[in-house]
Amino acid sequence: MAGTQGGQLADGLLEPQPEAKKRKVDTSEEKQQAAGGAIIGTAPLPIRCPPYPKSGKRKDVARWNRECRRISALAAAARKKDPRTSLPTVVKPKDPKTAGSVESPRDKALVRDAARSVVSVSSFAPDGSVIVQCSGFVVGWNATSKCARILTSTLIIDRDDDPKPPKLHVLLPSKTVLDGQLLFVNKHYGIALLLEVLSSESDLPLHVPSFGSSPNYGQEVFMLARGAEESNLMARHGRIRWLQEPKDLDMNYPMLLSCEPPMYGTGGPVVDHDDGRVVGMYSLGGLSCTVIGISTILTCVEMWINFGRIARPAHGLTLRTMELLDVSLQERIFLDHGITRGYIVNDVSAESAAERLGIRYGDVIVSFNGLRDHTLPQLEDYLLSLGWGFLHGSIGSSPTSVDLNLEVYDLLERTTRSITLPVEFSDGYDWDEKLT
């Protein structure tokens, strides 16, 4: 948000100045006052032990040892009060793993720029105790109301013991703490949107990041987070894995990360390694490190801003793709059934329309409304596009459901059936209350 200061380059380096001629400086107080300049104080010299006694006599050496011990104790006490010990040029990094994840100057510049949108978010109980601390990032700025929209994880308000929203604090990179107001939550996608009131956009070390498209399998990324106590930046380097683990995931849209997250990483942005654009948000899915694609997130945010709710067809199916199946199983399915692409049914919600129509786990949906090659995140975006059309039409009169045309292959019967699956629109889990 803040522009480049005069005399300073965009990368943070000062503009080169002409080299001044060396001259002897008179530091006497009288000369400085006569010249009208201020007296510049110098830092005191550190306490040091006296030189080793030249005589080498045992008595002198013993006296020298006692003096050194006394001075060492004084120096240790002085270091505790020395403000220089807390300078960023002196202290060790709070998160040593960040150094190994972000090594080159090019990567450091990219991460620094992306981190200007990253904040720490904390929730507090009525008694002031901390409930949860995680990360978040800016997804919008309202110049009229002077408010920033912060995206984070639903983990920040996920409390079964108290239905009231907790008090929220947003810690900026500058260590400024602001109150956050909860705007909306969607547990299906695990996202929460906060509003924080700011003085002006230019006064803050925050900016709305550049958004890319949702990540691709195999893509190299950085995961960013911010510490909850001192607002220190943390980063991890990894890839989007060519893998889906159904035992951990009960949703279709997440993608898996190859790296372990930093502390407080949930809700932080995942950025592209090549251009620094935000491609997703880190979320904890079961036992796995997962990413929610940015296109899915921004569509949900826009739905809420425009309609006050989110709509997606709740089809009641947990799916995997043939593309991510183990190669030995891919070969077996091809040799036995001639199938090379499609969506594998991993689970069917009880009492759902899909179950009533005979869709069972282990079946392969070879065509999903005509789609055959979409990844699961792309399929989720397609379903949200149907929800977007529903919300646009709901202003007048519109049906509250949509028909999905499926081609389902039964591996046991070796038959393909055409199924018209009627699904209602939902703003939560597939088994939550539907929109009407």
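Refer to the structure above for everything that follows.
First things first, this report covers the structure right here in the doc. Chains are numbered independently. Their residues run from 1 in the order of the written sequence. In view of the model being predicted, local features appear only for residues whose pLDDT reaches at least 70, and side-chain atom pairs are presented and counted only at 80 or more, with totals across whole chains, interfaces and linings using the full set of residues. Excluding hydrogens and water, the side-chain figures rest on all heavy atoms present in the structure.

### What to know about the sheet that holds strand β14 (residues 317-321)
Part 1 of the argument: A pair of strands is treated as paired once DSSP finds two or more bridges between them. Runs of E in the DSSP output that reach at least two residues are strands. Runs of H or I that reach at least four are helices, and both are numbered from the N terminus. Taken in spatial order, the six strands line up as β13-β18-β17-β16-β15-β14 in an open sheet, and their pairing is antiparallel. At either margin of the open sheet sits one strand with a lone partner, and together these are β13 (312-313) and β14.
Part 2 of the argument: Pairing geometry for strand β15 (residues 343-348) and strand β16 (residues 364-368), over two bridges, is antiparallel. When the bridges of β16 are listed, Tyr343 appears paired with Ile365.

### Some remarks on the pattern of salt bridges
Part 1 of the argument: Each salt bridge in this description consists of a side-chain nitrogen of Lys or Arg and a carboxyl oxygen of Asp or Glu lying within 4 Å of one another. Applying the stated criterion across every chain, the model contains eleven salt bridges.
Part 2 of the argument: For Arg63, the salt bridge goes to Asp60, with nearest N and O atoms at 3.0 Å. Taken together, the residues Arg63 and Asp60, both in helix α2 (residues 58-81) and three residues apart, mark about one turn of the helix.
Part 3 of the argument: Note that Lys94 is salt-bridged to Glu230, the shortest N-O span being 3.1 Å. Residue Lys94 is found in the loop between α2 and α3 (96-101), and its partner Glu230 is found in the loop between β7 (220-226) and β8 (233-239); the two are separated by 136 residues along the sequence.
Part 4 of the argument: For Lys94, a relative accessible area of 54% corresponds to the exposed category.
Part 5 of the argument: For each residue, the accessible area found with a 1.4 Å probe, counting protein chains only, is set against the maximum for its type, and the residue is called buried under 20%, exposed over 50%, and partly exposed in between. Relative accessible area serves as the criterion here: at 38%, Glu230 is assigned to the partly exposed category.

### A short note on the nonpolar core
Part 1 of the argument: Residues Leu151, Ile191, Leu224 and Ile297 are the most contacted members of the largest nonpolar core, which totals 32 residues.
Part 2 of the argument: Breaking this core down by element, the ones donating at least two residues are α4 (105-114), β2 (130-142), β6 (191-197), β7, β11 (278-285), α5 (294-307) and α8 (376-393).
Part 3 of the argument: The element best represented in this core is α5, accounting for five residues.
Part 4 of the argument: The residues contacting Leu224, other than those within four sequence positions of it, are Val111, Ala114, Ala115, Val118, Met234, Ala235, Gly268, Pro269 and Val271.
Part 5 of the argument: Buried Ala, Val, Leu, Ile, Met, Phe, Trp, Tyr and Cys residues that are joined via side-chain atoms within 4.5 Å together make up what is termed a nonpolar core. Core analysis: the next-biggest nonpolar cluster, separate from the first, contains 20 residues, Leu319, Ile359, Phe368 and Leu383 among them. Residues count as neighbours in contact if any of their non-hydrogen atoms are within 4.5 Å of one another.

### Structural notes on the packing of α5 against α8
Part 1 of the argument: Between α5 and α8, the shortest axis-to-axis distance is 10 Å and the interhelical angle comes to 10°. One way to sum up the angle between α5 and α8 is to call them roughly parallel. Touching Ser295, Thr296, Thr299, Cys300, Glu302, Met303, Asn306 and Phe307 of α5 are Pro377, Asp381, Leu384, Gly387, Trp388, Leu391 and His392, all from α8.
Part 2 of the argument: Here the term charged refers only to Asp, Glu, Lys and Arg, the term nonpolar to Ala, Val, Leu, Ile, Met, Phe, Trp, Tyr, Cys and Pro, and the term polar to all other amino acids, Gly among them. Looking at the contact of α5 with α8 residue by residue, the class counts come to seven nonpolar, six polar and two charged. Think of each axis as a best-fit line through the C-alpha atoms, taken over the contacting stretch in the case of a helix, with angles from 0 to 180 degrees between the N-to-C directions. When an angle is under 35 degrees it counts as roughly parallel; over 145 it counts as roughly antiparallel; between 65 and 115 it counts as roughly perpendicular; any other value is oblique.

### Focus on a nonpolar patch on the surface
Part 1 of the argument: Put simply, a patch holds well-exposed residues, over 30% relative accessible area, that have no salt bridge, with like charges counted together within 9 Å and Val, Leu, Ile, Met, Phe, Trp or Tyr side chains within 5 Å. With residues, only the protein chains shown are counted as cover, and all accessible areas are computed by Shrake-Rupley using a 1.4 Å probe. On the surface, a nonpolar cluster with roughly 220 Å² of combined accessible area is contributed by Leu87, Val90 and Val91.
Part 2 of the argument: Its location among the elements puts Leu87 in the loop between α2 and α3.

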